[in-house]
Amino acid sequence: MTSLSRQRLCGVHARLREAGFTLIELLVVLAILGMLIGLVAPQVMKYLGRARSDSARIEIENLAAALDLYRLDMRRYPTQQEGLQALVEMPTGTSGWNGPYLKQKQVPPDPWGHAYSYRIPGEHGEYDLYTLGADNAPGGTGENRDVGNW
C-alpha cells in the first residue's frame with residue numbers, strides 16, 4: 001500500500017469518527033429532552049382541562065339558546081320528563097313544535113362523555129342546565145368542577 005493511499009484511508013477514518021455522536025452526547029440530549037417534557041407536560045395538561053371546561057360552558061350556552069327558542073314556540077320550557085330530547089324530537093301530545101332546535105340529530109354529551117343535566121324548575125333560575133365535570137360528581141375543582149348556566 002502506498003503512502004498516498006494510506007493517507008486517504010486515514011482521512012476517511014477520521015471523517016467517519018467525526019460524523020457521528022458519542023453515546024454520552026446522545027444521553028445528554030435525551031436527559032435535556034426529558035427535563036423539558038417534565039416541565040411542559042403539566043402545563044399542557046392544565047390547559048387541556050381548562051379547554052374542556054370552557055367547551056362545556058359554550059355548549060351549555062348553545063343549549064340554553066335552543067331552550068329559549070323552544071320556549072318561544074311552545075310557550076314553556078320542556079318538562080323534566082321531556083328533558084333536552086325535546087330539542088331534537090317533538091314530544092308526544094304537543095303542538096306548535098318547530099324544531100329540531102339543534103343542528104345535531106341528538107343532544108351532544110359534555111366534553112367528558114356524560115349527558116348534560118337539565119332540571120326544571122331550577123334552583124338557580126327557571127331551569128338549571130349543567131354538567132358535573134370530569135368526575136361526574138357534584139362539586140370539585142379544576143377539571144372536576146361543575147359547569148352550569150348560572
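Residues numbered from 1 in each chain as written. Predicted model: local features only at pLDDT ≥ 70, side-chain atom pairs only at ≥ 80, totals over all residues. Heavy atoms only, no water.

Explain the overall build of the protein here, please?
Along the protein, the regular secondary structure elements total 2 helices and 3 strands. Starting at the N terminus, the α and β elements of the protein follow one another as α-α-β-β-β. By residue count, 25% of the 150 residues in the protein fall in the buried class. Counted over contacts in the protein with a minimum sequence separation of 6, partners at least 24 positions apart contribute 40%. (Helix = DSSP H or I, 4+ residues; strand = E, 2+ residues; numbered from the N terminus. Buried < 20%, exposed > 50% of the residue type's maximum accessible area, 1.4 Å probe, protein only. Contact = heavy atoms within 4.5 Å.)

It is not clear to me how the pattern of salt bridges should be interpreted in this structure. Could you clarify?
When the charged atoms of two side chains lie near each other, side chains of opposite charge can form a pair. A complete count under the given rule lists 6 salt bridges for this structure. Here Asp54 makes a salt bridge to Arg57, at a shortest N to O gap of 2.9 Å. Of the two residues, Asp54 and Arg57 are both situated in helix H2 (residues 23-74); the distance of 3 residues between them amounts to about one turn of the helix. Accessibility expressed as a relative area gives 32% for Asp54, which makes it partly exposed. Among the ionic pairs, Glu126 bridges to Arg71, the shortest N-O distance being 3.9 Å. Of the two residues, Glu126 is situated in the loop between strand S1 (117-119) and strand S2 (128-131) and Arg71 in helix H2; the sequence distance between them amounts to 55 residues. (Salt bridge = Lys/Arg side-chain N within 4 Å of Asp/Glu carboxyl O.)

Before we go on, may I ask you to explain the nonpolar core in this structure?
For soluble globular proteins, the rule of thumb is that nonpolar side chains tend to be buried together. Counting residues in hydrophobic clusters, the biggest one holds 23 residues, and the most contacted among them are Leu63, Leu67, Leu84, Leu87 and Leu129. It is H2 that provides the largest number of residues to this core, a total of 8 residues. Among residues more than four places away in sequence, those in contact with Leu84 are Leu63, Leu67, Val107, Tyr116, Tyr118 and Leu129. (Core = buried A, V, L, I, M, F, W, Y, C linked by side-chain atoms within 4.5 Å.)

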